[in-house]
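Given next are the chains, with one letter for each unit.
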Amino acid sequence: MNFYNEMYDAQCGVRAHYKGYEDWLKATPPERIERKRAEADLAFHRVGITFAVYGEEAGKERLIPFDIIPRVIPSAEWKALQAGLRQRVKALNMFLWDVYHDQEILKAGIIPAEQVLNNAQYRPIMKGIDVPGRIYAHITGVDIVRAGAGEFYVLEDNLRVPSGVSYMLEDRKMMMRLFPELFARHKVAPVQHYPDLLLEKLRAVSPNGIGNPTVVVLTPGAYNSAYFEHTFLAQQMGVELVEGRDLFVKDDVVYMRTTQGPQRVDVIYRRIDDDFLDPQVFRADSALGVPGLMQAYRAGNVTLANAVGTGVADDKSIYPYVPDMIRFYLGEEPKLNNVPTYMCRKPDDLKYVLDHLPELVVKEVHGAGGYGMLVGPAATKEQIAHFRQLLIAKPDGYIAQPTLALSNCPTFVEEGIALRHLDLRPFVLSSGECVNMVPGGLTRVALTKGSLVVNSSQGGGTKDTWVLEDESC
Amino acid sequence: MLSRTADHLFWMSRYIERAENLARLLDVTYQMSMVPQSEEAANQSWSAIIALNSLEEAYAAKYSAVNGENVLKFMVSDADNFSSIHSCLRMARENAHAVRGTLTTEMWETLNFTWLEARGRTFEQLNAGGIGEYFEWVKTRSSLMRGTTLGTLLQDEAYHFIRLGTLLERADNTARILDFKYHVLRPHGDEGATDFYQWAALLRSVSAFEVYRKVYRDVITPDRVAELLILNKDMPRSLHFCLNGVIKNLDLIANRQSGETLRQGGLLHAQLHYGRIGDILEHGLHEWLEDFMDRIYLLGDGISKDFLVPMAEAS
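1. Some remarks on the overall build of chain B
Link 1 in the chain: Secondary structure assignment for chain B yields 16 helices and zero strands.
Link 2 in the chain: Computed over the C-alpha atoms, the radius of gyration of chain B is 20 Å, within 12% of the 20 Å expected from 2.2 N^0.38 for a compact globule of 315 residues.
Link 3 in the chain: Over its C-alpha atoms, taken along the principal directions, chain B stretches across nearly 60 × 50 × 35 Å.
Link 4 in the chain: Across the 315 residues that make up chain B, the buried fraction comes to 54%.
Link 5 in the chain: About 14000 Å² of surface is accessible on chain B, with carbon and sulfur atoms providing 52% of the total.
Link 6 in the chain: Charged side chains in chain B number 32 positive and 42 negative. The centres of these two groups are separated by 6 Å.

Here is the structure:
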C-alpha cells in the first residue's frame, strides 16, 4: 500500500511547508534533540500530564508520548478543512434539533426513521426541549484522516464528550519551551486562546439569557482517564471543577455546595456520559451524577454542554447519512469526504463485508476509543473468524469500511526517525450561528510500526499541530 | 469555594505538616540513639514513637521486636502504615490531585515531584544514603511547599484553609511531643536529674534549640522548655503561635454557621494569650496538654462541620 507522506512528496523532495522544519532538524545536533526529548519527558511527568488506563491497576497513570516533530498543515489546506468542519457541525446540530422536534428528515425519508428512533443513543426525554441557541453539540471533536493521494476524510464525529484538547495545548506549550527558535522562524497560528473561546461559548448558552452565568466543569473524578484535562480546562477558564456530589437540585434549580452555602449553577460543561448524569432518569446505580438534574434541565434552569442525546448523531450507524444531512439542511454539497461505509444491517452490504473481511476495518456501531474493532489486514485468522461470528450473530451492531491508507509522518521512535501513521482531531465550538475553532487540533500518531490505531489507550502518541499562516518561510 | 475543594486543601496541608513533624521526631530520636545509653533506654525512645502515634497494635502485627531499624522502616516507608511518612506524602499528593486546578502550577509540581521522588525509593536505598539525609529532604520539601504557597498562591479562601490545616496539625504535633517527652523525662516530677541531651533533642525536633538560647540566654530547664513551646507567641511551632494563626484564618473564612467554632477557637487562644506557665504546671502539664489536644480536635471537627462537609441543602 502507498501512503501519503506528510513531510516528503513522492520524489522524496521535502514539501514546501516542511522545508523550514527540515532545515532546522538537519542543522540541529542529535545530542541536543536527545537532551530536549528527555527534558520533555521529565516535564510532562512533573506537571502530571497523564491519563489513567482502564483495565490496569486502579489509579495508575501513564504519560501520553509526545513527539517533537510537528504535524504541519499549510494554511490553504486548513482553510478548506475549516470550511468543511463548519458546514458539517452546523448540519449535525440542525439534525439533532430536528430529531428531537419535528423530525422533518425522517418524514422526508432521507434517513430510515427506525435507524434514529430505535437507536439506543436516541433520548426520548429530549423531545420538545428547546435548548438555548438550538445548539446540542457545543464542543465537537471531528476525527479526520488523510488517505490515498492526500485527500482528507472524516472518520467519525465525536459529539458526546470529546477529549484531548488539553494535549493539544500542552503540546504547543512544550514545543515552545523546548524549541523557541522554531517559532521565531515559522508563523505558527496560535491555539492558546482555546479556553477563552470555550468559556465565551459556554457563557453564550446560559439559560434564559442570564447575564453573568455561573459556569462549572462536571467531572466523574480523579480516577477518570481524562481527569487531567478536566482540571486543566476548569483552571484555564477560571471556573469550578465539580463532581456530582458537589451539586444538588432544589425546586428545579441546580446549586453547588460551597464554604459560604449553596450557590446557583447555570451552565454545566459536563464530562460525564448521558447514562451517568442523573440516577433518577438514567442509570440508577450512578454515583457520579446529580439526582434531579434532568428535571432542572427540562425546566430550562440549567444548560448542559454538550446537550443530552447527542450520541444519536455520532453513532456509526448514522455516520453514513451525514452527507445527506448537509444537503437536506443546508442545501449544499458536503465539503468534506465521508469514508465509504458498509452497513452490515443491509443484507447486500453484509455479504460483501463477510466476503472481504481481510481487507476491511469493522467497527462496533456504539464502540469508541479503538476498542471492539477489527483491522482486517493486521488481524490474525482467529480474529477474523471471531468477527465473522459476531457479524452473523448481530449484523446491525457493526459497520465496515475499506482500510484507509492513513498518511504518515516522520516520528521519533526507539530506533531513530521512522514513518508512523497519524490522524487529526480539530475541536469545533458552536453557539448560535457561530461555529469557531482554533487552527489545527490534536494530532495523534500510532507509535507501533504499521499500526493504524492512534488512540492513546492503544499506545498512541501526540504531535504538536502547526497551521502555518505564511508559507513563504 | 466548593466545600469539597476546601476539604482537600485542608487535608493536603495537614498531611504535609504531619510528614514534616514525623521526620523531625524520627530524626531527633535517631540522633539521640547514637548517644551512649543502655539498650533498654534506646528502645524505649523508639517504642515511644509508636505509642505517640497510637500504632502499638499495627506495629506488633508486623514486628516482634522494637528497635531502631524496625521502627524507622515502619514509620518511614511502610505503605501499609497510614501514619508513615510515605503514606502522609501519598495522601497529601492525592488530596492535591483532586483539586490541582485550585493550586498554582508551582505548588502542584512541587508536591507531585515530592511524591514521585518518595515513591521511587525503597527503605534500603534511603538507609544506605543515610536516613538523616532523607529526613532533611522531607523537611526541605515541606518548606519548599510552604514557600511556594506563600510565594504564588492568591491569599483567598484556598490559602486560609491551607493555613488552617497546617497550623492545627502543627499545634497537635507540638502538644503531643511535649506531652510525651515531658512525661518520659520527668516521670516523677524530679527536679534534679535534667538530661541536657534529651531536652536539647526535644527542642531541636521543633527547631527551637537556638530559639531557646536566644529567648532565655540561660541553661535549659524543663519548665522553660514547656513555656517556650506553649506560650511563646513568636516561636513558629509553639501552641500560642499556631492558635494566633488559627483564629485569624477562621475569622477570614467565617460563614453564617461558624460562630460557635470561632468562639471555641477564641477561648482556647485566650488561655494561651493570657496564661502563665506556673499555673499550667500547677494544674498538671499532662492534664493541661490532654485537654488542649481534645479541644484542637474539636476545633478541627467544627471546621469540618461548618465548611467542609457538604452542607445541608436548604438554607
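Now that the structure has been shown, the text picks up again.
2. What about the overall build of chain A?
Link 1 in the chain: Assigned secondary structure in chain A consists of 14 helices and 23 strands.
Link 2 in the chain: Relative to the globule expectation of 23 Å for 473 residues, the C-alpha radius of gyration of chain A, 22 Å, shows essentially globular dimensions.
Link 3 in the chain: Across the 473 residues in chain A, those meeting the buried criterion constitute 59%.
Link 4 in the chain: Contacts spanning at least 24 positions in sequence make up 68% of the contacts within chain A whose residues lie at least 6 apart.
Link 5 in the chain: Only carbon and sulfur atoms are counted for the fraction: they give 51% of the accessible area of chain A, which is about 19000 Å².
Link 6 in the chain: Taken together, the 51 basic and 59 acidic charged side chains of chain A have centroids lying 2 Å from each other.

3. Overview of the domain arrangement of chain B
Residues and elements named next belong to chain B.
Link 1 in the chain: In terms of domain boundaries, chain B breaks down into domain 1 (1-153) and domain 2 (155-315).
Link 2 in the chain: The C-alpha-based centres of domain 1 and domain 2 are spaced at 20 Å.
Link 3 in the chain: In this complex, domain 1 contributes 27 residues to the contact, which on the side of domain 2 involves 29 residues.
Link 4 in the chain: Of the roughly 2800 Å² buried at the junction of domain 1 and domain 2 (both faces included), carbon and sulfur atoms supply 63%.
Link 5 in the chain: Between domain 1 and domain 2 we count five salt bridges in total.

4. A few points about the interface of chain B and chain A
Link 1 in the chain: Taken residue by residue, the interface counts 31 residues in chain B and 27 residues in chain A.
Link 2 in the chain: Roughly 2500 Å² is buried in total at the junction of chain B and chain A, and carbon and sulfur atoms are behind 47% of that figure.
Link 3 in the chain: For the interface between chain B and chain A, the tally reads two salt bridges.
Link 4 in the chain: Among the salt bridges present, the one from D246 of chain A reaches R4 of chain B, with a minimum N-O distance of 2.6 Å.

5. Digging into the packing of aromatic side chains
We describe a pair of aromatic rings using the distance from one ring centre to the other and the angle between the two ring planes.
Link 1 in the chain: The final tally for this structure, using the stated rule, is 25 aromatic pairs over all chains.
Link 2 in the chain: Measuring from ring centre to ring centre gives 4.9 Å for Y100 of chain A and Y122 of chain A, while their planes differ by 15 degrees; the resulting arrangement is stacked. Residue Y100 of chain A is located in the loop between α3 (75-99) and α4 (104-107), and its partner Y122 of chain A is located in the loop between α5 (113-117) and β4 (139-147); the two are separated by 22 residues in the primary sequence.
Link 3 in the chain: Residue Y100 of chain A is classed as buried on the basis of its relative accessible area, which comes to 1%.
Link 4 in the chain: Each ring, one from Y63 of chain B and one from F74 of chain B, has its centre 6.2 Å from the other, and the planes form 85 degrees; the classification is edge-to-face. Placement of the pair is Y63 of chain B in the loop between α3 (56-62) and α4 (68-76) and F74 of chain B in helix α4, with a sequence separation of 11 residues.
Link 5 in the chain: Classification of Y63 of chain B by relative accessible area gives buried; the value is 17%.
Link 6 in the chain: Overall, F74 of chain B belongs to the buried group, its relative accessible area being 2%.

6. Concerning the pairing of strand β5 (residues 151-158) of chain A
Along any regular strand, the residues point their side chains to alternate faces of the sheet.
Residue and element names in this part refer to chain A.
Link 1 in the chain: In terms of burial, β5 is a largely internal element, six of the eight residues being buried.
Link 2 in the chain: Sheet topology note: the β4/β5 ladder contains seven bridges and is antiparallel. Bridging from a neighbouring strand, G141 pairs with N158 of β5.
Link 3 in the chain: Count of turn residues in the β4/β5 antiparallel hairpin: three residues, of which G148 carries a positive phi of about 55 degrees.

7. Quick word on the domain arrangement of chain A
Link 1 in the chain: When the domains of chain A are assigned, the result is domain 1 (193-305) and domain 2 (340-403).
Link 2 in the chain: Its C-alpha centre places domain 1 of chain A at a distance of 37 Å from the equivalent point of domain 2 of chain A.

8. Comments concerning the confidence of the model for chain A
Do not read the predicted coordinates in detail wherever pLDDT is low.
Link 1 in the chain: When the pLDDT values of chain A are averaged, the result is 91; 94% of them are 70 or greater.
Link 2 in the chain: For chain A, the element scoring lowest by mean pLDDT is strand β1 (residues 50-52) of chain A, at 62; strand β11 (residues 267-270) of chain A scores highest, at 98.

9. A look at the pattern of salt bridges
All names here are of chain A.
Link 1 in the chain: Here the structure, examined in full by the defined rule, presents 51 salt bridges over all chains.
Link 2 in the chain: Here E34 and R37 are joined by a salt bridge, their closest N and O atoms 3.4 Å apart. Residue E34 and its partner R37 are located together in helix α2 (residues 30-47), separated by three residues, close to a single helical turn.
Link 3 in the chain: Judged by its relative accessible area of 44%, E34 is partly exposed.

10. Details of the sheet that holds strand β14 (residues 342-343) of chain A
Residue and element names in this part refer to chain A.
Link 1 in the chain: Sheet architecture is open: four strands sit in the order β14-β17-β15-β16, paired in antiparallel fashion. Strands at the two margins of the open sheet, each flanked by one partner only, are β14 and β16 (373-375).
Link 2 in the chain: Where β14 lies against strand β17 (residues 398-402), two bridges are found, and the strand directions are antiparallel. Its bridge partner lying in β17, M343 is registered against I399.
Link 3 in the chain: Each of β15 (360-364), β16 and β17 touches helix α14 (residues 381-393); the most contacted strand, β16, lies at about 135 degrees to it.

11. Examining helix α13 (residues 239-253) of chain B
Residues and elements named next belong to chain B.
Link 1 in the chain: A rise of 1.5 Å per residue sets the reference length of α13, with its 15 residues, at 21 Å; its end C-alpha atoms lie 21 Å apart and thus fit the reference within 8%.
Link 2 in the chain: Of all the residues in α13, the buried ones are L239, H240, C242, L243, G245, V246, N249, L250 and I253.
Link 3 in the chain: Tucked inside the fold, the buried residues of α13 contact α9 (157-185), α12 (222-231), α14 (259-274) and α16 (285-308).

12. Some details on the environment of H160 of chain B
All names here are of chain B.
Link 1 in the chain: Summarising the element assignment, H160 is placed in helix α9.
Link 2 in the chain: Sequence separation of H160 and S64 is 96 residues, and the distance between their C-alpha atoms is 44 Å.
Link 3 in the chain: Not counting residues up to four positions away in its chain, the partners in contact with H160 are Q155, N249, L252 and I253.

Calculation criteria
- Residues numbered from 1 in each chain as written.
- Chains lettered and ligands numbered in written order.
- Predicted model: local features only at pLDDT ≥ 70, side-chain atom pairs only at ≥ 80, totals over all residues.
- Heavy atoms only, no water.
- Helix = DSSP H or I, 4+ residues; strand = E, 2+ residues; numbered from the N terminus.
- Rg over C-alpha atoms; globule rule 2.2 N^0.38 Å.
- Buried < 20%, exposed > 50% of the residue type's maximum accessible area, 1.4 Å probe, protein only.
- Areas by Shrake-Rupley, 256 points an atom, 1.4 Å probe, with all protein chains shown as cover.
- Lys, Arg positive; Asp, Glu negative; His and termini not counted.
- Charge placed at Lys NZ, Arg CZ, Asp CG, Glu CD.
- Contact = heavy atoms within 4.5 Å.
- Domains from an automatic or database assignment.
- Buried area = accessible area lost by both parts, 1.4 Å probe.
- Salt bridge = Lys/Arg side-chain N within 4 Å of Asp/Glu carboxyl O.
- Phe/Tyr/Trp six-rings, centres within 6.5 Å; stacked < 30°, edge-to-face > 60°.
- Pairing = 2+ DSSP bridges.
- pLDDT = per-residue confidence, 0-100.
- Axes fitted to C-alpha atoms, helices over the stretch in contact; angles between N-to-C directions.
- Expected span 1.5 Å × (residues − 1).

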